[in-house]
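# Commentary on secondary and tertiary structure
Below, each chain spelled out in residue letters.
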Amino acid sequence: PRSKMKIVGLSIVRTGSDVQDPVLLTMACDLSSYGFFQRQSVKEMLTFLAKTFSKRTNPGQRQSITHEGYVVHCYVRSDGLGGTVISDLEYPARVAFVLLTQMLDEFSQVVGDSWKTATVAESVSFPPIEGYLEKYQDPAAADKVTKIQKDLDETTQILHKTIDSVLQRGEKLDNLVEKSDDLSRQSKMFYKSAKKTNSCCVIS
């Protein structure tokens, strides 16, 4: 059996009042547990989830949103730079947020302020994101790094939410999927058929 994967995707986004939807600055995915033909659809779905939930995360807020076998951990800093870790249900939220804090700090050190005006998806190069994806796959190893940050536990409130509590009243994920420009027709069909079998995002 394939080993259970922990993190499927990382992304860094720009949020703010000057953009209608968050701009995906850079992302990294580990799609090795999916069939070759599913990978593009899964990547598009990860992009969609990252943008949909970052948009609904207030500056300074950390929230973990559970969706069909995935958890989307979102953090948006007060300056509007945000990130998501999309993981399986077992992955510890505390470690995901330590990863996000470190990754966003390094990102702003490396790229300076140039991200603040980016409008094109995946237009900011940040090679270290691949290293974060690899290093944090094993939360126990990563946990050694985070021992120092134990105090994060006490000081940081992580909101655990369901998808319905994040969406505005009357919003339905299915409608957002239908309207999304991030998802090709094929991915929308993939989402629907997976939803029927309830296997979209189950990491086997």
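Notes on the structure in this doc start here.

What counts, and at which threshold
Residues numbered from 1 in each chain as written. Predicted model: local features only at pLDDT ≥ 70, side-chain atom pairs only at ≥ 80, totals over all residues. Heavy atoms only, no water. Helix = DSSP H or I, 4+ residues; strand = E, 2+ residues; numbered from the N terminus. Buried < 20%, exposed > 50% of the residue type's maximum accessible area, 1.4 Å probe, protein only. Contact = heavy atoms within 4.5 Å. Core = buried A, V, L, I, M, F, W, Y, C linked by side-chain atoms within 4.5 Å. Pairing = 2+ DSSP bridges. Axes fitted to C-alpha atoms, helices over the stretch in contact; angles between N-to-C directions. Parallel < 35°, antiparallel > 145°, perpendicular 65-115°, else oblique. Left-handed = near helix turned anticlockwise from the far one by under 90°. Nonpolar A, V, L, I, M, F, W, Y, C, P; charged D, E, K, R; others polar. 1 Å grid on protein atoms, 1.4 Å probe; cavity = no way out; pocket = protein on both sides within 12 Å on 5 of 7 lines; lining within 4 Å. Points joined across faces, edges and corners; volume = space filled by probe spheres on them.

Glancing now at the overall build of the protein chain. From N to C terminus, the protein chain includes eight helices and six strands. The order of α-helices and β-strands along the protein chain, N terminus first, is β-β-α-β-β-β-α-α-α-α-β-α-α-α. Classification of the 204 residues of the protein chain by burial places 51% in the buried group. Taking the intrachain contacts of the protein chain between residues at least 6 apart in sequence as the baseline, contacts between residues at least 24 apart amount to 62%.

Turning next to the nonpolar core. Grouped together as the largest cluster of nonpolar side chains are 30 residues, with contacts concentrated most on Leu10, Ile12, Leu25, Met103 and Phe107. Those elements that provide at least two residues to this core are strand 1 (7-14), strand 2 (23-29), strand 5 (81-88), helix 2 (93-111) and helix 3 (128-135). Counting residues per element, this core draws most heavily on helix 2, which supplies eleven residues. Beyond its immediate sequence surroundings of up to four residues, Leu25 is in contact with Ile12, Val13, Arg14, Leu81, Phe107, Trp115, Ala118, Glu122, Ser123 and Val124.

With respect to the secondary-structure elements, Ile129 resides in helix 3. In this structure the C-alpha to C-alpha distance between Ile129 and Glu106, which are 23 residues apart in sequence, comes to 9.6 Å. Contact partners of Ile129, with chain neighbours within four places excluded, come to Leu10, Ser11, Ile12, Thr26, Met27, Ala28 and Met103.

A regular strand carries its side chains on alternate faces of the sheet. By the criterion of burial, strand 3 (residues 62-67) is predominantly enclosed, with five of the six residues buried. Pairing of strand 3 with strand 4 (residues 70-76) involves six bridges; the strand directions are antiparallel. Within the sheet, the bridge partner assigned to Ile65 lies in strand 4 and is Val72. Between strand 3 and strand 4, which follow one another and run antiparallel, lie two residues, and Glu68 among them has a positive phi close to 45°. Bridge count between strand 3 and strand 6 (residues 158-162): five bridges; the pairing is parallel. Bridge pairing links Gln63 to Leu159 in strand 6.

With that settled, consider unusual backbone geometry. The phi angle at Glu68 is positive, at roughly 45°, despite the residue not being glycine. Along the polypeptide, Glu68 turns up in the loop between strand 3 and strand 4. At Glu122, a position not held by glycine, the phi torsion is positive, near 50°. Tracing the backbone through its elements, the reader meets Glu122 in the loop between helix 2 and helix 3.

So, on to the sheet that holds strand 2. Judged by pairing direction, the sheet is mixed, and its six strands sit side by side in the order 2-1-5-4-3-6 without closing on themselves. The sheet terminates laterally at strand 2 and strand 6, the two strands that pair on one side only. Going across the sheet, the axis of each strand differs from the next one's by a mean of 20°, ignoring polarity.

Now for the packing of helix 2 against helix 3. The N-to-C vectors of helix 2 and helix 3 enclose an angle of 165°; their axes lie 11 Å apart at closest approach. When the interaxial angle is binned, helix 2 and helix 3 end up roughly antiparallel. Here helix 2 and helix 3 pass one another in a crossing that is right-handed. Contact residues: helix 2 offers Leu99, Gln102, Met103 and Glu106, while helix 3 offers Pro128, Ile129, Tyr132 and Lys135. When its residues are assigned to classes, the contact of helix 2 with helix 3 shows five nonpolar, one polar and two charged.

Another point: the layout of surface pockets. There is about 310 Å³ of room inside the largest pocket. Along its surface, the largest pocket is lined by 13 residues, and Asp21, Lys55, Ser180, Asp181 and Asp182 are the ones closest to its centre. Elements with a minimum of two residues in the lining of the largest pocket: helix 1 (39-54) and helix 7 (173-179). When residues in the lining of the largest pocket are grouped by element, the largest group, three residues, is from helix 1. Of the residues contributing to the lining of the largest pocket, the split by class is three nonpolar, two polar and eight charged.

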